[in-house]
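One letter stands for each residue in the lines below.
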Amino acid sequence: MTSIVISGSGLYTPPFAVSNEALVGAFNQYVDLYNEENASAIDAGQLSAKQHSSCEFIEKASGIKSRYLVSKEGVLDPDIMQPLLAERADDKPSIMVEMAVAAAEQALIAAGREPGEIDLVIVAASNMPRPYPALAIELQHYLGAGGMAFDMNVACSSATFGIKAAADMLAAGSAKLALVVNPEICSGHLNFRDRDSHFIFGDACTAVLLEREEACKVSNPWQLVASKLVTQYSNNIRNNFGFLNRLSPRTRYGDDKLFCQQGRKVFREVLPLVCDQIAGQLDEQGWPADTLSRLWLHQANLTMNQFIGRKLLGHDASQQEAPVILDSYGNTSSAGSIIAFHLYNRDLPAGARGVLCSFGAGYSIGSLLLRRL
């Protein structure tokens, strides 16, 4: 069988690091203004007073201490509470393509490849800037790649689903060098006025290059040994934003047009699915859990990752065994597990085994077994 490898990876980190302290300060100012402006209705029992957030609450709930944003001024303004990004002319590259090019260029350097060698581009992310033309085709153009390009969205599992799709196309001979990019401006769909979620997301972009092992130019790439993708319908993580919203003027700007979730239900329902899926894959491959060098997990919540590590490994996973990057990046949706992989794989020797796994809205779960050649 054809062996497919990850030959390079890249990461774009936005310029603005926003701490919990800064985010809480802006949120609490907003709360005070809201409660003051609505004092009469609150006193009459017509509205509920909003509650302050705190750094302690955020870190306990998520493990997040900071995050990177593409724009911070509006987010930290209690009168705005959202990123401010000016629209660009149609003949200029979009901000998401600029992010994607930066991450892709790093991956190309790592793989010893040139943009013109790419003949498959997949942009896999939770949110696209428009229905068409595809962001992947725009990236193909500005990067100078050839072949074909398309977008795909499986929420937080977009990266693993994209890698699997690219690997299958490479194995079938439909492409020779595939680029999978995950540009995530998660701050754009986050409700910064919601105490339960205003701290969750950050922005980033990741990229990986995949190719056949026999054509790979670098030593010790990561072989994709096995992959499994599963979806199961759920409303517990949802975003109702779309082009049909404009047809309902009274509800087009409702809170459901931003990120919404029922966190406790997600925790209770998703974690068993993820653990069973990975454990089943390991059994099928004949990989005992104690032979794993690393778990590159979806970076949504520290408690979730600790649960998965403990369930699979039989003990509390160390930072070396299951790297955590959400403390500094926040939840970057599909990019999170790839950030962990990008930052924490170079130290592993030939023969090392790892699991790259994502899970999120859908529900969608993608798990990849990787071995360093």
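Computed from a prediction, not measured in an experiment: that's the story for all the values here.

Scoring rules and cut-offs
Residues numbered from 1 in each chain as written. Predicted model: local features only at pLDDT ≥ 70, side-chain atom pairs only at ≥ 80, totals over all residues. Heavy atoms only, no water. Helix = DSSP H or I, 4+ residues; strand = E, 2+ residues; numbered from the N terminus. Rg over C-alpha atoms; globule rule 2.2 N^0.38 Å. Buried < 20%, exposed > 50% of the residue type's maximum accessible area, 1.4 Å probe, protein only. Pairing = 2+ DSSP bridges. Axes fitted to C-alpha atoms, helices over the stretch in contact; angles between N-to-C directions. Contact = heavy atoms within 4.5 Å. Left-handed = near helix turned anticlockwise from the far one by under 90°. Nonpolar A, V, L, I, M, F, W, Y, C, P; charged D, E, K, R; others polar. UniProt positions renumbered as here; feature names shortened; annotations may be inferred. Salt bridge = Lys/Arg side-chain N within 4 Å of Asp/Glu carboxyl O. Patch = residues over 30% accessible without salt bridge, like charges linked within 9 Å, V, L, I, M, F, W, Y side chains within 5 Å. Areas by Shrake-Rupley, 256 points an atom, 1.4 Å probe, with all protein chains shown as cover. Expected span 1.5 Å × (residues − 1). Core = buried A, V, L, I, M, F, W, Y, C linked by side-chain atoms within 4.5 Å. Bend = angle between axes of the 7 residues up to and from the residue.

Let us look at the overall build of the protein. Helix and strand counts for the protein come out as 10 helices and 13 strands. On C-alpha atoms alone, the protein measures out to a radius of gyration of 21 Å, which is about the 21 Å that the 2.2 N^0.38 rule sets for 373 residues. Overall size of the protein, expressed as C-alpha extent along the three principal axes, is 70 × 55 × 35 Å. Across the 373 residues that make up the protein, the buried fraction comes to 51%.

Before going further, it helps to examine the sheet that holds strand β4 (residues 120-124). With mixed pairing, the 9 strands of this open sheet are ordered in space as β5-β4-β6-β7-β1-β8-β13-β12-β11. Looking at which strands have only one partner, the edges of the open sheet turn out to be β5 (148-152) and β11 (294-297). Recorded for the sheet is a direction-independent mean angle of 25° between the axes of neighbouring strands. One ladder, built from 4 bridges, connects β4 with strand β6 (residues 177-185); its direction is parallel. Its bridge partner being in β6, Val 121 is matched across the sheet by Leu 179. Packing of helix α5 (residues 135-143) onto the sheet brings it into contact with β4, β5 and β6, and relative to β5 it is tilted by some 140°. Relative to the sheet, helix α8 (residues 302-313) contacts β11 and β12 (353-360), its axis offset from that of β11 by approximately 145°.

Let us look at the packing of helix α7 (residues 263-285) against α8. Where α7 contacts α8, the axes come no closer than 10 Å and their chain directions differ by 35°. Seen along the crossing, α7 lies across α8 with a hand that is right-handed. Side by side, α7 and α8 meet where Val 266, Phe 267, Leu 271, Val 274, Cys 275, Ile 278 and Ala 279 of the first sit next to Thr 303, Met 304, Phe 307, Ile 308, Lys 311 and Leu 312 of the second. Taken together, the residues of the contact of α7 with α8 sort by class into 11 nonpolar, 1 polar and 1 charged.

Glancing now at the UniProt feature "domain: Beta-ketoacyl-[acyl-carrier-protein] synthase III C-terminal" (unreviewed entry) in the protein. Per the UniProt record, "domain: Beta-ketoacyl-[acyl-carrier-protein] synthase III C-terminal" (unreviewed entry) is annotated on residues 282-371. In residues 282-371, helix accounts for 32% and strand for 22%; the two terminal C-alpha atoms are 12 Å from one another.

Looking now at the pattern of salt bridges. Inspection of every chain in the model, using the stated rule, returns 11 salt bridges. Lys 217 is paired through a salt bridge with Glu 117; the nearest N and O atoms lie 3.9 Å apart. Placement of the pair is Lys 217 in the loop between β7 (203-212) and β8 (222-231) and Glu 117 in the loop between α4 (95-111) and β4, with a sequence separation of 100 residues. Judged by relative accessible area, which is 29%, Glu 117 ranks as partly exposed. Among the salt bridges present, the one from Asp 316 reaches Arg 310, with a minimum N-O distance of 2.9 Å. Within the structure, one salt-bridge network assembled from shared partners comprises Arg 113, Glu 117, Glu 211 and Lys 217.

Among the surface-exposed residues, Phe 243, Leu 244 and Leu 247 lie close enough to one another that they form a single nonpolar patch of about 370 Å² accessible area. As for its position among the elements, Leu 244 is in the loop between β9 (237-238) and β10 (260-261).

With 18 residues, helix α1 (residues 20-37) should cover 26 Å at 1.5 Å per step; its first-to-last C-alpha distance of 26 Å lies within 8% of that length. Of the positions making up α1, those classed as buried are Asn 20, Leu 23, Val 24, Ala 26, Phe 27, Asn 28, Tyr 30, Val 31, Tyr 34 and Asn 35.

Below, the discussion takes up the nonpolar core. Ranked by internal contacts, the top residues of the largest apolar core, which has 45 residues, are Val 274, Leu 295, Ile 308, Val 355, Cys 357 and Phe 359. Where this core is concerned, the elements lending two or more residues are α1, α3 (55-62), α7, β11, α8, β12 and β13 (364-372). Considering each element in turn, this core owes the most residues, 7 residues, to α7. Dropping the residues within four chain positions of it, Val 355 is found in contact with Ile 278, Leu 282, Leu 292, Arg 294, Leu 295, Trp 296, Leu 368 and Leu 369. Listed in part, the 36 residues of the second largest apolar core include Phe 161, Trp 222, Leu 224 and Ile 338.

Further remarks concern the pairing of β7. Counting buried residues in β7 gives 9 out of 10 residues, a clear majority hidden from the surface. Here 8 bridges tie strand β1 (residues 4-12) to β7, and the two strands are oriented antiparallel to one another. Its bridge partner lying in β7, Tyr 12 is registered against Cys 205.

Next up on the list: α7. With 23 residues, α7 extends 32 Å between its outermost C-alpha atoms, agreeing within 8% with the 33 Å of an ideal straight helix rising 1.5 Å per residue. Taken as a whole, α7 carries its principal kink of about 30° at Val 270; the proline Pro 272 stands between one and four residues after it. Within the sequence span of α7, burial applies to Val 266, Val 270, Leu 271, Val 274, Cys 275, Gln 277, Ile 278, Gln 281 and Leu 282. Close packing links the buried residues of α7 with β8, β9, β10, α8, β12 and β13. Among the residues trailing α7, Gly 286 stands out with phi positive, at a value near 75°.

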